[in-house]
Amino acid sequence: MFKSHTTSFKTLLALLFILTVYRIFMLTQAASQIDLYADEAYYWGWAQHFDFGYYSKPPMVAWLIMIGTKICGGDSFVCIKIMSPIVYFFTTLNIYFLAKELFDEKVAFYSALAFVTLPAVWLSSLIISTDVPFLFFWSLAMLFFVRAIKSDDWRDWIVTGIAGGGGLLSKYTMIIFVVSAFAYLLVSPTYRRHLKNPKLYIAMMLAAVIYLPNLYWNYTHEFVSFKHVSQDNAHITGIHFHIGRMAEFLGSQFAVFGPILFGWLLVLLPRYRTLKNEHENFLLLWWFVVPMFALILLISLLSRAFANWSAPMYVAATLLVIGWLVLKRKKGWLAAAIGVNIAIGILFYHYHAIADIAGIELTRKTDPYKRVKGWHQLGQEVSKILKRYPNARLMSDDRKEMAELIYYIDPHPFNAVKWNPHRTLHDQYEMDTNLESAKGEDFIYVTSRRNIDDIARAFKSVKPIKKIVIKLYKDYKMVYYVYYLKHFKGYDK
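Residues numbered from 1 in each chain as written. Predicted model: local features only at pLDDT ≥ 70, side-chain atom pairs only at ≥ 80, totals over all residues. Heavy atoms only, no water.

Caption draft 1: Broad picture of the nonpolar core. With 159 residues, the main nonpolar core has Trp138, Met142, Phe145, Leu265, Leu284 and Leu285 as its most contacted residues. Broken down by element, the residue count for this core peaks at 14 residues, all from helix H8 (residues 131–151). Here leucine 284 is in contact with Leu102, Met142, Phe145, Val146, Ile149 and Tyr184, once residues within four sequence places are set aside. Judged by nonpolar contacts, the second largest core, of 16 residues, contains Met395, Leu435, Ala438 and Tyr491. (Core = buried A, V, L, I, M, F, W, Y, C linked by side-chain atoms within 4.5 Å. Buried < 20%, exposed > 50% of the residue type's maximum accessible area, 1.4 Å probe, protein only. Helix = DSSP H or I, 4+ residues; strand = E, 2+ residues; numbered from the N terminus. Contact = heavy atoms within 4.5 Å.)

Have a look at this one:
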């Protein structure tokens, strides 16, 4: 397979094309079986108007949805997600060229193959999220950073800066890239000279300039995105240790990176000196893993950390582990690591079909897709009610439910409002809508709450309309209550 560089790259392109087509096909199949995830519907709502910022995230994910829906020609399930598998095609090419720059053609081929078949990438390829553009820009920045410190060519430094700016417009944790880059340059005898290189700082300034529109947007919106990251995401309120949550986060990484690859990563990370002596570029990869990993471990210990927060470190981690396995000629481990991850991905994609063949009845506890079911049925039921009350606006009290309803109700009720008596600022809906300006208006209120006495006081009259029951499994059903709220008097009434 590796008789020539051209042959192996052509093989990789063929495999990537087949895998991308397969993932797009699975999207078309999934469209009739599951619904949008709540965050996807939320980001789709953002994509209805161009802006340089949104409540909790930089704008890139919304821009990506805009591109996908424009190219695809609609706001369908597939069109909203279509850019995800396509972007991963190019992210994998970044991985290939990065590994080739650091090692050789063989490591590059297997690193690319390992990355595109990571369990996290199997899942993320069917989801439109901030990680999709973020990993592309992170890997692109790594590729051209490596080229820049080797060549000191202006073009490489400029692309590094552009990629860094794109990363910051995708996810704020792109700032950790700077920490990793400087840490590596500090410990590298070969490239430490770049700490005095003006091109490095010009690249950083370019990244900052590209990011500037989002910073300005935050300035004009009370820095709401930064507050969300510090308060709602990290949620560190004091020095309290949560060993169980840290263990839970570590356990989740076996599912994110794959059981064999993450096992090897845990073996290799403590062997700093061994890695340094084995190959100088292992040192670079180590520094692009450890700062991110250490930060998220600390957050998980002090508060909580979601499994996907570690995503950018797996760009370098893939090359570190695969490079080690290839250079040490551990062919069995290499084949097993990639093979197991491919099996996990196929099992996940065809979970329902496999369960059906095996005669397994799915329940709330056994179906990993449970959170993306039932929403279109709820939307259909509420659509019928809204048509009977054309002068009433939709109202909800939950961000995720509101996002799903806005997407699945026909026509989309973009003028929907969120019940927010405490005037909090926890999501885009609370930022964009002010119910106090809607005094005298009527609403169709959809909620999972059965008792709404506290809300009733704010309206002239309240009429229960319907109890919607959507049975999903034998042990679980969605239950929502719909009320007609007439003449809003104000929160304090």
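Caption draft 2: View of the pattern of salt bridges. With the rule as written, the count across this model stands at 20 salt bridges. Between arginine 155 and aspartate 153 there is a salt bridge, with its nearest N and O atoms 3.2 Å apart. By relative accessible area, arginine 155 is classed as exposed at 61%. Residues glutamate 436 and lysine 439 are paired through a salt bridge, measuring 3.8 Å at the closest nitrogen-oxygen approach. (Salt bridge = Lys/Arg side-chain N within 4 Å of Asp/Glu carboxyl O.)

Caption draft 3: Spatial organisation of the state of the cysteines. In this structure the tally under the stated criterion is 1 disulfide. Linked covalently through their sulfurs, cysteine 72 and cysteine 79 form a disulfide whose S-S length is 2.0 Å. One quick way to see it: the torsion about the S-S bond of cysteine 72 and cysteine 79 is about -60 degrees, and its sign makes the bridge left-handed. The class for cysteine 72 is partly exposed, based on a relative accessible area of 37%. Overall, cysteine 79 belongs to the buried group, its relative accessible area being 5%. (Disulfide = S-S within 2.5 Å.)

Caption draft 4: Seen up close, the pairing of strand E4 (residues 459–473). Across 12 bridges, E4 lies against strand E5 (residues 476–488) in antiparallel orientation. Each residue of the ladder has a partner; that of proline 464, found in E5, is tyrosine 483. Counting the residues that bridge the hairpin from E4 to E5 gives 2 residues. (Pairing = 2+ DSSP bridges.)

Caption draft 5: Quick look at unusual backbone geometry. Cis geometry is adopted by the peptide bond preceding proline 411, which originates at aspartate 410 and carries an omega value of -5 degrees. Mapped onto the elements, proline 411 comes out in the loop between helix H22 (399–408) and strand E2 (417–418). In the Ramachandran plot, glutamate 222 falls in the positive-phi region, its phi being about 60 degrees despite a non-glycine side chain. By the element assignment, glutamate 222 lies in the loop between helix H11 (198–220) and helix H12 (224–233). Here the phi dihedral of arginine 329 falls at roughly 55 degrees; this positive angle occurs in a residue that is not glycine. Tracing the backbone through its elements, the reader meets arginine 329 in the loop between helix H18 (313–327) and helix H19 (331–349). Taking the relative accessible area as the measure of exposure, arginine 329 reaches 70% and is therefore exposed.

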